[in-house]
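Chain by chain, the residues:
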Amino acid sequence: MLSIKNLHASVEGKEILKGINLEIKAGEVHAIMGPNGSGKSTLSQVLAGNDAFEVTEGEVTLNGENLLELETEERARDGIFLAFQYPVEIPGVSNLQFLRTAVNAMRKHKGEAEMNAAEFMKLAKEVSKQVDLDPAFLKRGVNEGFSGGEKKRNEIMQALMLQPKLAILDETDSGLDIDALKVVSDGVNALRSDDRAILMVTHYQRLLNHIVPDYVHVLAGGRIIKSGGRELALELEEKGYGWLGIKDDDASN
Amino acid sequence: MKSVPMLSSAFLHPAGHSLPEPLLALRKERASALVDMPLPTRKTENWKYSSKYLKLADDMAISLPAEGKTGNSLAVPGYKVVFLNGVMIPEASEYPDLDGIQITSFNDLDADEANALAARLGHTLDHAQAQFARLNGARFEDGLLVRLKAGAVLDQPLFIIHETSADASGSAYPRIFVEAGANSQLTLVEEYTSTGQASALISTVTEFSLAEGANVTSVRLNMEGENVQHIGATGVRQQRSSRFESHCVGFGGPLRRHDLQVRLEGEGAETKLNGVVVTQGKQHYDNHTSIDHVAAHCNSEETYRNIAADQSHAVFNGRIHIHQDAQKSNADMNNKNLLLSNGAEIDTKPELEIYADDVKCAHGATIGQLDETSVFYLVSRGIDRRQANVLLTMAFINELVEQIPVAVVRETAQARLSDFFEQTFREA
């Protein structure tokens, strides 16, 4: 489904990704682990199409299509979804308006009829229950005044509404207490299916206790330095990043 | 020495003589005082950023005829008074006889009423600051008097629709005078629209006099066409414990100017002024507001937002004057601005004069651009970039638009603003 070959990317002239290679097939769940500054978030942002990052080399294809030529919104319509590490607060645009606009943009792209207000409300209420958000939040501004946990649940809610082909979760576990982590994980597990892939980016392995990955990759210095199965994450937790000769310069995360 | 440009004498000849005698006399007196009226230049402080947009050709001095069909305005749920080129059109107006409430065209006032009005007309305004209110005073051909007796409550909003119809160049001088008696209540909506493609000047004056405990909400929608220069003034005087609320929504034009002057003259009076302005292309809009805290224990709260796209130009000047005896005044002024292109210009200036020593007075102004992170967040969900821009631009002013108390006006404003932004981002 997703194929990344020798991907190099930089921000403000500084190279962050230095040759990433990764193949993800439909139905698979991959985890990318690594210390802060290793390039995890950059990889997520580059895949989603953030202009702040410049791809200098390499190629990325989604089901054979050159992803790097597409605008952010086109990537989203083709099935890329990024759950943000820091979801943006947008006062003045309600969650309802935001979600409905997004869902209808996707439907339009697929040649489906737009959802009317009543249909949409019904769906939105169902899904909000699934991630344990009070439907009253729909009337509030996008992420406005949300706690960290609520923001992350809202990201998962969006993924559930938009049904992407590839969901990229950027540090979705950060800032969550154990109950919220459970809700978010249940949401992500509900997304798992044979025709969908999930890429989780995380510093810690605790999320992987709840969402069990098929593959684990260790990212350091802008390259994947080790890949393995589930057991790699456990080993990392036990031995620390130092085990692979990586300096974890910020343990405060 | 270079001579100061003066108002052309062509503008000093009012047409129409159907007004009651006392108002005709007043108009004549004011016209003769205009002989020496200088036109603002960029050296005129309160027209510094706007004088270059003022283009008064002699043929615009001609009064636009008050004939032809009206249309092009809100379908309103409340009471409606329609003016065409400054003159009331009774056939298009609908409002019932209400106990304690007088709604009368200036032309229909009897001699006593006209005398009483002539004595008060203009008394809410500082004409040195709102120079063009003088022109209106010399040229008005009709107007609307709204009087609420003590305790009277208008049960539905009163819509006053001022339509400009300009098939040939000319000008019109709409005028409204509202006298709200003690503890009376009123919501008044002024809508300014236009038809026709000729160059026109609209000079408006609206006055509100609020007696003790009166509660007045004013909504002003400025939606005239591309060839209409609009210079409006609103004057408000508030007595003890009265409350005034203003919601202005303005769309840019070749010249758009609104002066809003509020005097808090009785203790415990409160005023709240909200304003939204949007400009695009080469449009202009200038809001000058002025709040005088004359009496003690009064509150004022002012929030204005401007959005300027393309090569357009918006101006906000907010003056707050706290007089010596106005102790325990509470004044809060906030102006936020959004620039949508490098070629757009917004000038904002707070002017605070504080002569009392025990007051709270806060002011803030910001100018910024659309937040790229927010745009990225929206487009990453598949939303069109253009639509994301529209959503975020609307979001900048939604908080104010949502406070407009009359649903039909709020929805009209929202729809118009949304259309405006769709057009603004058409190339994006």
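Residues numbered from 1 in each chain as written. Chains lettered and ligands numbered in written order. Predicted model: local features only at pLDDT ≥ 70, side-chain atom pairs only at ≥ 80, totals over all residues. Heavy atoms only, no water.

Engineer: So what's going on with the nonpolar core? Which residues, and what values?
Structural biologist: Formed by 124 residues in total, the largest nonpolar core has its most connected members in L2, I4, L47, M157 and M200 of chain A together with L417 and F421 of chain B. A total of ten residues in this core trace back to one element, the largest contributor, which is helix α5 (residues 385–401) of chain B. What M157 of chain A contacts, discounting residues up to four positions off in sequence, is L99, A124, V127, S128, V131, L133, F137 and L138 of chain A. Core analysis: the second largest hydrophobic core is formed by 41 residues, V81, I101, L210 and F244 of chain B among them. (Core = buried A, V, L, I, M, F, W, Y, C linked by side-chain atoms within 4.5 Å. Buried < 20%, exposed > 50% of the residue type's maximum accessible area, 1.4 Å probe, protein only. Helix = DSSP H or I, 4+ residues; strand = E, 2+ residues; numbered from the N terminus. Contact = heavy atoms within 4.5 Å.)

Engineer: Got a sec to walk through the interface of chain B and chain A? Specific residues and values, please.
Structural biologist: The interface is formed by 17 residues belonging to chain B together with 32 residues belonging to chain A. For the pair chain B and chain A, the summed buried surface comes to about 1900 Å²; carbon and sulfur atoms form 64% of the total. If you sort the residues of chain B by the area they bury against chain A, F376, Y377 and R381 of chain B come out on top, with a joint share of 42%. The interface formed by chain B and chain A contains four salt bridges. (Buried area = accessible area lost by both parts, 1.4 Å probe. Salt bridge = Lys/Arg side-chain N within 4 Å of Asp/Glu carboxyl O.)

Engineer: Break down the environment of K152 of chain A for me, citing the residues and quoting the values.
Structural biologist: Residue and element names in this part refer to chain A. Inspection of the secondary structure assignment puts K152 in helix α5 (residues 148–162). Discounting residues that sit within four places of it in the chain, K152 has contacts with F84, Q85, P87, E171, T172, S174, L176 and V184. Side-chain polar atoms of K152 contact the backbone oxygen of Q85, separated by 3.4 Å. (Polar contact = N/O pair within 3.5 Å; in protein donor to acceptor, adjacent residues only side chain to side chain.)

Engineer: Let's hear about the sheet that holds strand β1 (residues 79–84) of chain B: which residues, and what values?
Structural biologist: Residue and element names in this part refer to chain B. The ten strands are arranged β2-β1-β5-β8-β10-β12-β14-β16-β18-β20 in an open sheet whose pairing can be described as mixed. Strands at the two margins of the open sheet, each flanked by one partner only, are β2 (87–88) and β20 (360–368). Taken together, the eight bridges between strand β8 (residues 185–195) and strand β10 (residues 215–222) define a ladder with parallel strand orientation. In the sheet register, Y192 faces β10, and the bridge partner there is N222. Set on the sheet, α5 makes contact with β14 (270–279), β16 (299–308) and β18 (330–339); between it and β16 the angle comes to about 155 degrees. (Pairing = 2+ DSSP bridges. Axes fitted to C-alpha atoms, helices over the stretch in contact; angles between N-to-C directions.)

Engineer: An account of the sheet that holds strand β5 (residues 65–66) of chain A is needed here, citing residue identities and associated values.
Structural biologist: All names here are of chain A. Judged by pairing direction, the sheet is antiparallel, and its four strands sit side by side in the order β2-β1-β4-β5 without closing on themselves. Looking at strand neighbours, the two that pair on one side only are β2 (14–24) and β5, the edges of this open sheet. Where strand β1 (residues 2–11) meets β2, eight bridges bridge the pair, whose relative direction is antiparallel. When the sheet's bridge partners are listed, L7 is paired in β2 with I20. Lying on the sheet, helix α1 (residues 40–48) is in contact with β1, β2 and β4 (53–62); it crosses β1 at an angle near 110 degrees.

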